Amino acid sequence: MRIGVLTGGGDCPGLNAVIRAVVRKGVSTYGHEFVGFRDGWRGPLEGLTRPLGIPEVRGILPRGGTILGSSRTNPFKIEGGVERIKANLADHGIDALIAIGGEDTLGVATKLDELGVNVVGVPKTIDNDLGATDYTFGFDTAVNIAMEAIDRLHTTAESHHRTLVVEVMGRHAGWIALHAGLAGGANVILLPERNFDIDQVAAYVEKRFQTQYSPIIVVSEGAMPLEGQMVLQNQEKDAFGHVRLGGIGQWLAGEIEERTGKEARTVVLGHIQRGGTPTAFDRVLATRFGLHAIDAAHDGDFGTMVALRGTDIVRVPLAEATRELKTVPVERYTEAEVFFG
Ligand code: F6P
């Protein structure tokens, strides 16, 4: 078989580990050939390829990013996009595609599968918000990066008797904030799943200062205060109506200073959470996803994606990738509240 591989959407530590596992097993166990498509769906759309064999995947396991490049191109939003993809796949003699991506990339894969393209999906996102799988690779790395930042911020916050607000990624789900906040001993954790009361946050900050320690607040980029507590200019919101990266953290620090009379600073971790080498957990999960994805392609089990259920890697219908956004359940948030203030 001749198999195309692509990575789409935001990059994520572990993408290269998937590519390596797919190619290593695909070549050595099954004798398949591979074509790398560049930059997500833009690759098959525009016929952009690169060689992908054992030499190309050597040494990439610990590397962040993706050797194939990525983009958020959606061929269904481009006139004639699907026909161009089908023609390019035929030109390159592609029998099957392995698409590694999040909701958008796998949404395209699902539709292409319905139109007769042979696709196997591999889920990825640092946000860990895909309902079909217990964990996605990249999440553990992002949490560890944020935890390390929080550990460092505790000491500088204490030295200056300041509040430090740490804004982490997560527009729609607060998994990174919850796990990094718990692991880093944050005094308040704010998530997109539940609008927060700024007066309550200020009360937690005051309480923390009374114990002679300085508060650390971890906030997801998509978290919002209660209705009416924040007046926003239009340009401060993104297309989803959420505050732009850097927006909510800055706003919180300003409000806390005003309400407590004590200095506050904001650190926006941003894309640092997606960069660099994956943790051991993410390397292993990504490798196992890759090994099972090439098995599925070899078996001709198209229209499926690999997923983690407990400790097992299973195959589920591709459509499950987009069926349900996995948000933080209220009981997980309540559990964390014991440490607030
Ligand atoms: O979905 C992954 C993610 O990193 C989100 O956490 C974040 O909101 C978004 O991508 C950022 O996207 P971009 O890389 O386009 O700025």
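In this text the structure is predicted, and so the values were computed from the model without any measurement.

Chemist: Teacher, can you tell me more about the sheet that holds strand β4 (residues 96–101) here?
Modeler: Strand pairing in a sheet relies on backbone hydrogen bonds. The paired strands run either parallel or antiparallel. The strand order across the open sheet formed by seven strands is β3-β2-β1-β4-β5-β10-β11, and the pairing between neighbours is mixed. Both edges of this open sheet fall to β3 (49–51) and β11 (312–317), since each of them pairs with a single strand only. The mean inter-strand angle of the sheet, taken between neighbouring strand axes irrespective of direction, is 30°. Pairing between β4 and strand β5 (residues 119–123): five bridges, direction parallel. Its bridge partner lying in β5, Ile 98 is registered against Val 120. Running at roughly 175° to strand β1 (residues 2–7), helix α1 (residues 15–28) makes contact with β1, β2 (33–37), β4 and β5 of the sheet.

Chemist: What is the right way to look at the environment of Pro 75 in this model?
Modeler: When you line up the elements, Pro 75 lands in the loop between α3 (54–57) and α4 (81–91). Its 21 C-beta neighbours within 10 Å are what place Pro 75 among the buried residues. For the pair Pro 75 and Leu 45, spaced 30 residues apart in sequence, the C-alpha to C-alpha distance is 7.0 Å.

Chemist: Is there a simple way to think about the site of the ligand in this case?
Modeler: Neighbouring the ligand are the residues Gly 10, Gly 102, Thr 125, Ile 126, Asp 127, Met 169, Gly 170, Arg 171, Glu 221 and Arg 274. In the shell around the ligand, the residues fall into two nonpolar, four polar and four charged. Residues from two domains meet in the shell around the ligand; each of domain 1 (2–137 + 278–321) and domain 2 (139–274) gives at least three.

Chemist: Would you mind going over the domain arrangement of the chain with me for this structure?
Modeler: By a widespread convention, an interface's size corresponds to the accessible area lost as its parts come together. With domains assigned, the chain is organised as domain 1 (2–137 + 278–321) and domain 2 (139–274). Relative placement of domain 1 and domain 2: their C-alpha centres are 34 Å apart. With 14 residues of domain 1 at the contact, the number on the domain 2 side is 13 residues. Looking at the side of domain 1 that touches domain 2 residue by residue, the classes come out as six nonpolar, four polar and four charged.

How each quantity is defined
- Residues numbered from 1 in each chain as written.
- Predicted model: local features only at pLDDT ≥ 70, side-chain atom pairs only at ≥ 80, totals over all residues.
- Pairing = 2+ DSSP bridges.
- Helix = DSSP H or I, 4+ residues; strand = E, 2+ residues; numbered from the N terminus.
- Axes fitted to C-alpha atoms, helices over the stretch in contact; angles between N-to-C directions.
- Contact = placed C-beta atoms within 7 Å.
- Buried ≥ 20, exposed ≤ 12 C-beta atoms within 10 Å, placed from the backbone.
- Near = placed C-beta within 6 Å.
- Nonpolar A, V, L, I, M, F, W, Y, C, P; charged D, E, K, R; others polar.
- Domains from an automatic or database assignment.

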